[in-house]
Amino acid sequence: MIKRFHVLYVGQIELDNVGLKGTPADERRYPNQRLSEVFETTRKVAQVMDDLGYHALWTAEHHFQREGYECLPNLVQLGLWLATQTKRLKFGCAFNVLPMWHPIRLAEDYAMADIVTDGRVIMGIGRGYHSREVETFGAPLIDADANREYFEEQLQLLLKCFNEEAFHFKGKYFECPPPVDYRGYRLKEITMVPRPKHLPVDIWMPIASGRTIDMMARYGLKAMVDLNGEKILDDVVRAYQAACARHGRPKQLGEDMIWGAGLYLAGSQEEAIQRVEPAHDERYKWFAPFGFVRYADDQGRTWGTPGAPASIPSIRDGVKQKAWFCGPPTEVIDGIRSIEAKYPGLEDFMVHWAEGLPPAEFTDQLRWFAKDVMPAFRGARMAAD
């Protein structure tokens, strides 16, 4: 039963000339003044969400994006600031790209944020997908096996920082503390100061592959799935539940998962499709080359795999696959409920902000959604009460 509503904003500026026939993604260039607009945009959206009863605003860590699509470099720092601008809204990290951090520095930053905001910053981690970002920071990404190995060791160290009062860690890439002399004695253990106030720390991660799912279950990580077609979403939800059971963490279908979808409210489905289509297409101009088209064909094959479609999807593809919900509130409610009904443990729904949609238009959509869609979910009203 859905109880909480979230928003995902990856940090795009208000883009011009959007759509398939608009400016090619790699040809976009914006000056620093425009790229910095994301902070004020984030503040305004957070304040609207705070007033309307949303649970959390999730943002994405990225670097070097002069194209204007993902322009927020530090999510913990952002969450600290936004907590001073709002009253109760939480701020999720979707995601701190762990290979670009020293895990102890990230653990310390999160612990401080957890303490001073009283738990309003939500921890999330990812392996990264931009070679321009991860490789520039000196970590592997193009070598997927090395990236996975490096990430998992970092995660082990991060968990020690959170969960152990004192520890020694020695892996292939990190040894903490190193065996050095300190004030007349040889270091054998170290304590992170401070540790988070709220323990154990809930850590969220996107589901990207079967190997990712098993690792997440092994370490007790929670899952986010966004803009997945209905068939792929079902495969992922069931695989996550099965992996958690294998590792002694039984869950209901959909439990400890955030399900995200795109949406646009209008008087009819056709009107909604036409209005959101340029923004939808702008998103996939940027993201499709990274493999982010998680739809299946009629035979259940993921787009981009042998024999399945490999093109940029249309908004009509997204609506057909129930990755996007477009139309009047009653139709959007029915669409969300059709997914909710399959997964008794599902409590969190996330609205994905289509990257080409202007902030004012998206804010209007959030207001309409809060007024005419959110109240239809009894679990959400119970959580608010």
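Each chain has its residues counted from 1, running along the sequence as written. For this predicted model, a pLDDT threshold of at least 70 governs which residues receive local features, and a threshold of 80 or more governs which side-chain atom pairs are given and counted, while totals over whole chains, interfaces and linings are taken from all residues. Hydrogens and waters are ignored; side-chain quantities use all the structure's heavy atoms.

**Student:** I keep staring at helix α8 (residues 230-246) and nothing clicks. Help me out?
**Tutor:** For an α-helix, the turn length of 3.6 residues means that residues three or four places apart are oriented alike. Helix and strand labels come from DSSP, where a helix needs a run of H or I of at least four residues and a strand needs a run of E of at least two; each type is numbered from the N terminus. Here the expected span of a helix is defined as 1.5 Å times the quantity of residues minus one. Here α8 contains 17 residues, and its C-alpha end-to-end distance of 24 Å stays within 8% of the 24 Å for a straight helix at 1.5 Å per residue. Burial in α8 covers these residues: Ile232, Leu233, Asp234, Val236, Val237, Tyr240, Ala243 and Cys244. Buried residues in α8 make contact with α7 (210-219), β11 (222-226), β12 (257-265) and α11 (329-340). Downstream of α8 by a residue or two, Gly248 has a phi angle that is positive, lying close to 70 degrees. When a residue's accessible area, from a 1.4 Å probe over protein chains only, is under 20% of the maximum for its type it is buried; when over 50% it is exposed; and in between it is partly exposed. In this analysis, two residues are considered to be in contact whenever any of their non-hydrogen atoms come within 4.5 Å of each other.

**Student:** Help me out: how do you make sense of the environment of Tyr182 in this one?
**Tutor:** Along the polypeptide, Tyr182 turns up in strand β8 (residues 181-182). Using a relative accessible area of 43% as the deciding quantity, one classes Tyr182 as partly exposed. Residues Tyr182 and Gln33 lie 149 residues apart in sequence; the distance between their C-alpha atoms is 46 Å.

**Student:** Looking at this structure, how should I read the nonpolar core?
**Tutor:** What tends to happen in soluble globular proteins is that the nonpolar side chains get buried as a cluster. Counting 120 residues, the largest nonpolar core has Tyr54, Leu155, Trp259, Ile336, Phe349 and Phe369 as its most contacted members. Residues in contact with Ile336, not counting those within four places in the same chain, are Ile2, Trp259, Phe325, Phe349, Phe369, Val373 and Phe377. We define a nonpolar core as any set of buried Ala, Val, Leu, Ile, Met, Phe, Trp, Tyr and Cys residues linked to one another through side-chain atoms lying within 4.5 Å.

**Student:** Any chance you could explain the side chain of Thr212 here in plain terms?
**Tutor:** Mapped onto the fold, Thr212 is located in helix α7. Not counting residues up to four positions away in its chain, the partners in contact with Thr212 are Arg127, Met205, Pro206 and Ile207.

**Student:** Would you explain helix α4 (residues 103-116) in this entry?
**Tutor:** Look at α4: 20 Å from first C-alpha to last across 14 residues, which is about the 20 Å you get at 1.5 Å a residue. Here α4 has its buried residues at Pro103, Ile104, Leu106, Ala107, Tyr110, Ala111, Ala113 and Asp114. Taken from the residues just after α4, Asp118 is the one with a positive phi, measuring 55 degrees.

**Student:** How do you make sense of the side chain of Glu340 when you look at a structure like this?
**Tutor:** By the element assignment, Glu340 lies in helix α11. Put simply, Glu340 is tucked away with no salt bridge, and the nearest opposite charge, on Arg337, sits 5.0 Å away. Only 2.7 Å separates the side chain of Glu340 from the backbone nitrogen of Ile2, close enough to count as a polar contact. When residues no more than four places from it in sequence are discounted, the contact partners of Glu340 are Met1, Ile2, Leu346 and Phe377. His is not counted here, nor are the chain ends, while Lys and Arg score as positive and Asp and Glu score as negative. Should a side-chain nitrogen of Lys or Arg be within 4 Å of a carboxyl oxygen of Asp or Glu, the pair is scored as a salt bridge. Contacts described as polar in this section are N or O atom pairs within 3.5 Å, which, within protein, must combine one atom able to donate a hydrogen with one able to accept it, while residues neighboring in sequence count only if both atoms come from side chains.

**Student:** Explanation requested: the packing of helix α2 (residues 37-52) against helix α3 (residues 75-85) in the structure shown.
**Tutor:** Geometrically, a packed helix pair is captured by the angle between its two axes and the distance between the axes. With axes taken as lines fitted to C-alpha atoms, and helix axes fitted only over the stretch in contact, angles between N-to-C directions fall between 0 and 180 degrees. With their axes 10 Å apart at the nearest point, α2 and α3 run at an angle of 50 degrees to one another. Classed by the angle they form, the pair α2 and α3 counts as oblique. Relative to α3, the crossing made by α2 is right-handed. Each of Phe39, Thr42, Arg43, Ala46 and Gln47 in α2 lies in contact with α3, whose residues at this interface are Leu78, Trp81, Leu82 and Gln85. To sort the angles, those under 35 degrees are grouped as roughly parallel, those over 145 as roughly antiparallel, those from 65 to 115 as roughly perpendicular, and the leftovers as oblique. With the far helix as reference, a near helix turned anticlockwise by less than a right angle produces a left-handed crossing, and one turned clockwise produces a right-handed crossing.

**Student:** Can you walk me through the packing of aromatic side chains in this structure?
**Tutor:** Any two aromatic rings considered together are summarised by their centre-to-centre distance and by the angle between their planes. By convention, a stacked pair of Phe, Tyr or Trp rings (six-membered ring in the case of Trp) has centres within 6.5 Å and planes under 30 degrees apart, an edge-to-face pair has planes over 60 apart, and any other such pair is tilted. The final tally for this structure, using the stated rule, is 21 aromatic pairs. When the centroid spacing of 6.0 Å and the interplanar angle of 90 degrees are considered together, the rings of Trp259 and Phe325 count as edge-to-face. In this pair, Trp259 sits in strand β12 while Phe325 sits in strand β13 (residues 324-327), placing the two residues 66 residues apart along the sequence. Residue classification places Phe325 among the buried residues on the basis of a relative accessible area of 6%. Judged by centre distance (4.4 Å) and plane angle (5 degrees), the ring pair of Trp353 and Phe362 falls under stacked. With respect to class, Trp353 is no different from Phe362; both count as buried.

**Student:** I keep staring at unusual backbone geometry and nothing clicks. Help me out?
**Tutor:** With the exception of glycine, the majority of residues adopt a negative phi angle, and the majority of peptide bonds are in the trans configuration. Cis geometry marks the peptide bond from Cys176 to Pro177, where omega comes out at -10 degrees. Mapped onto the elements of the fold, Pro177 is located in the loop between β7 (175-176) and β8. Following Val193, the chain continues into Pro194 via a peptide bond in cis, with omega recorded as -5 degrees. Structurally, Pro194 can be placed in the loop between β9 (185-186) and β10 (203-206). Residue Asp118 is not a glycine yet carries a positive backbone phi of 55 degrees. Note that Asp118 resides in the loop between α4 and β5 (121-126). Although it is not a glycine, Leu227 adopts a positive phi angle of roughly 60 degrees. Mapped onto the secondary structure, Leu227 falls in the loop between β11 and α8.

**Student:** When you look at the pattern of salt bridges in this model, what are you seeing that I'm missing?
**Tutor:** In a structure, side chains of opposite charge can pair up when their charged atoms sit close to one another. A full pass over the atoms with the stated rule returns 34 salt bridges. With its nearest N and O atoms 3.7 Å apart, the salt bridge here joins Asp145 to Arg211. Here Asp145, found in helix α6 (residues 144-163), pairs with Arg211, found in helix α7; they are 66 residues apart in sequence, far enough to count as distant. Both residues of the pair, Asp145 and Arg211, count as exposed. In this structure, Arg283 engages Glu355 in a salt bridge whose closest nitrogen and oxygen atoms are separated by 3.2 Å. With Arg283 in helix α9 (residues 269-287) and Glu355 in the loop between β14 (348-352) and α12 (359-372), this pair connects stretches of sequence that are 72 residues apart. For Glu355, a relative accessible area of 1% translates into the label buried. Taken together, the shared-partner salt bridges connect Lys3, Arg4, Glu347 and Asp348 into one network.

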